[in-house]
Structure formats: C-alpha cells, structure tokens
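Below are the chains, spelled out letter by letter.
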Amino acid sequence: MNKNNSIKCSVQQCKFNNNSESYCTLNEIMIGTHEKNPTVVECTDCQSFKVKSS
Ligand code: SF4
C-alpha cells in the first residue's frame, strides 16, 4: 500500500499503517470523538482504524 503523505500516523497496530515510515495508506480518514465535550487531544479518535490481523 502506498503511503498518504498528508496523513502521518503512529498507530502501528492499524492495518492501514505503513509501519516503516509511520504514515497512513488510506486516501482519507474520519476523525471523531468519544466525548460529549472534547477538550484535549486524547478525546479524539481515528474512526477509520481497523486492527491488523495477526
Ligand atoms: S486508519 Fe487511522 S489509525 Fe489507521 S493508519 Fe490511518 S490514520 Fe492511522
């Protein structure tokens, strides 16, 4: 999969991650939140994440 130069990502456990360079390989991603009122970076999530199968 080719990396998307616009999306840096360090989540190595995601099947869409280009592990050697820490880029996402999707054309676009959806970011969301699991909080009612997000206030800090930890409140946000990549909703395009899919766990890498072992
Ligand atoms: S889908 Fe989200 S979590 Fe997965 S590599 Fe892309 S940006 Fe990272």
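Conventions used here
- Residues numbered from 1 in each chain as written.
- Predicted model: local features only at pLDDT ≥ 70, side-chain atom pairs only at ≥ 80, totals over all residues.
- Heavy atoms only, no water.
- Salt bridge = Lys/Arg side-chain N within 4 Å of Asp/Glu carboxyl O.
- Helix = DSSP H or I, 4+ residues; strand = E, 2+ residues; numbered from the N terminus.
- 1 Å grid on protein atoms, 1.4 Å probe; cavity = no way out; pocket = protein on both sides within 12 Å on 5 of 7 lines; lining within 4 Å.
- Points joined across faces, edges and corners; volume = space filled by probe spheres on them.
- Nonpolar A, V, L, I, M, F, W, Y, C, P; charged D, E, K, R; others polar.
- Near = heavy atom within 4 Å.

Student: Whenever I open this one, the pattern of salt bridges confuses me. Can you help?
Tutor: Side chains that differ in sign of charge can pair as their charged atoms come close. Under the counting rule described, the total for this entry stands at 1 salt bridge. A salt bridge links E21 to K3, with the nearest nitrogen and oxygen atoms 3.0 Å apart. Taken together, the positions of E21 in the loop between β1 (17-18) and β2 (23-24) and K3 in the segment before β1 put the pair 18 residues apart, joining distant regions of the chain.

Student: When you look at the layout of surface pockets in this model, what are you seeing that I'm missing?
Tutor: Here the largest pocket defines a volume of roughly 180 Å³. In this structure, the largest pocket is lined by 14 residues; those nearest its centre are I7, C9, V11, I29 and C46. Counted by class, the lining of the largest pocket contains 11 nonpolar, 2 polar and 1 charged residues.

Student: Please clarify how the site of the ligand should be interpreted in this entry.
Tutor: In the neighbourhood of the ligand, the contacting residues comprise C9, C14, F16, N17, C24, L26, I29, C46, S48 and F49. Each residue belonging to the shell around the ligand can be placed in one class, and the counts come to 8 nonpolar, 2 polar and no charged.

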